[in-house]
Amino acid sequence: MTTAPATTSWIDRFPGLSQLPSDLRADLVAGSSVVEVPAGTQIFAPGQTPDNLLLLLDGTVRVQQKSETGREVFLYRVHAGESCVLTTACMLAFEDYAADGIAETDVTAVAIPRATFDDMAARSTVFRQFIFTAYSRRITDLFTLIDDIVFQRMDVRLAAKLLELSADGDVVHATHQTLANELGTAREVISRTLAEFHRRGWVEQARGEVRLTGREGLSRLARSAGEA
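Residues numbered from 1 in each chain as written. Predicted model: local features only at pLDDT ≥ 70, side-chain atom pairs only at ≥ 80, totals over all residues. Heavy atoms only, no water.

Draft legend 1. Representation of the environment of V172 within the structure. With respect to the element layout, V172 can be found in strand β9 (residues 171-172). Each C-alpha atom of the pair V172 and F127 lies 37 Å from the other, and the pair is 45 residues apart in sequence. In contact with V172, other than residues within four places in its own chain, are L162, L165, S166, G208, E209, V210 and L212. (Helix = DSSP H or I, 4+ residues; strand = E, 2+ residues; numbered from the N terminus. Contact = heavy atoms within 4.5 Å.)

Draft legend 2. Structural context of the environment of T133. Position of T133 relative to the elements: it lies in helix α4 (residues 125-151). In this structure T133 comes out as partly exposed when scored by relative accessible area, which is 36%. Distance in space between the C-alpha atoms of T133 and I190 is 35 Å, their sequence separation being 57 residues. A distance of 2.7 Å separates a polar atom in the side chain of T133 from the backbone oxygen of Q129. (Buried < 20%, exposed > 50% of the residue type's maximum accessible area, 1.4 Å probe, protein only. Polar contact = N/O pair within 3.5 Å; in protein donor to acceptor, adjacent residues only side chain to side chain.)

Draft legend 3. Representation of helix α6 (residues 176-183). L179, A180, N181, E182 and L183 are the residues of α6 that are buried. Just beyond α6, the residue with positive phi is G184, at close to 70 degrees.

Draft legend 4. Structural view of the side chain of S83. Tracing the chain through its elements places S83 in the loop between β6 (72-78) and α2 (85-93). Those residues in contact with S83 that sit more than four places away from it in its chain are L53, L54, L55, V78 and A134.

Draft legend 5. Just the domain arrangement of the protein chain, in detail. According to the domain assignment, the protein chain contains domain 1 (10-140) and domain 2 (149-223). Distance from the C-alpha centre of domain 1 to the C-alpha centre of domain 2: 30 Å. Listed as interface residues are 6 residues of domain 1 and, on the opposing side, 7 residues of domain 2. Between domain 1 and domain 2 lies a buried interface of about 590 Å² when both sides are counted; carbon and sulfur atoms form 40% of it. (Domains from an automatic or database assignment. Buried area = accessible area lost by both parts, 1.4 Å probe.)

Draft legend 6. A look at the UniProt feature "domain: HTH crp-type" (unreviewed entry) in the protein chain. Per the UniProt record, "domain: HTH crp-type" (unreviewed entry) is annotated on residues 152-216. The span residues 152-216 carries 54% helix and 15% strand; its end-to-end C-alpha distance comes to 20 Å. (UniProt positions renumbered as here; feature names shortened; annotations may be inferred.)

Draft legend 7. Main features of the pattern of salt bridges. Under the defined criterion, the tally for this structure stands at 15 salt bridges. Among the ionic pairs, E104 bridges to R77, the shortest N-O distance being 2.7 Å. Placement of the pair is E104 in the loop between β7 (100-103) and β8 (107-113) and R77 in strand β6, with a sequence separation of 27 residues. For E104, a relative accessible area of 32% puts it in the partly exposed group. Salt-bridge contacts for E216 lead to R220; the nearest nitrogen and oxygen are separated by 3.4 Å. In this pair, E216 and R220 both sit in helix α8 (residues 215-227), 4 residues apart, roughly one turn of the helix. One salt-bridge network, in which partners are shared between bridges, spans R62, R77, E104, K161, E164 and E182. (Salt bridge = Lys/Arg side-chain N within 4 Å of Asp/Glu carboxyl O.)

Listed below in structure tokens is the structure:
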């Protein structure tokens, strides 16, 4: 991880912070730094104490948790323009992490140390609102994830996930195990479901990737959850 001094320009990348008065903007920038993290780096792990809140400028961070059986369960991704709400929660509650954060791509982020975080949270209504707005939005996402895992059919969830991951084209670069981790299920379940999608002419499979050949059918299946 490499660091560099922060400049005021990054604040406007986060609309919730753009209303900070000039003196607080200056203090936030002075107390922060820009960090670069290579893809594949474990940014945090269970049992670690958070030292910085990261606000992503570029890249994505995957947050996941392992069950007692060793199965990885995907929780959420942090994208450019967002912060990691698990880090926020741990810093507010003075607790250690209970999940992993992995840089899926090369990441550039603003690191706000605990001292600066605590100072801004105490002094600024705008900063507190920024923190809790992001927190409440992610909590809603996590409740949706729980609802999906408990109540939604796996074929519907897999169809929606393939469409989400192929937003920039028709190929999803992921193994069956990766997709299983994303959806909180077993690899065998994904393999069976993909075999059925292949039978329907919706996908073609190769090593480490799934090619979408029937996007319309997948879309119909994914929409069926909202119509049920």
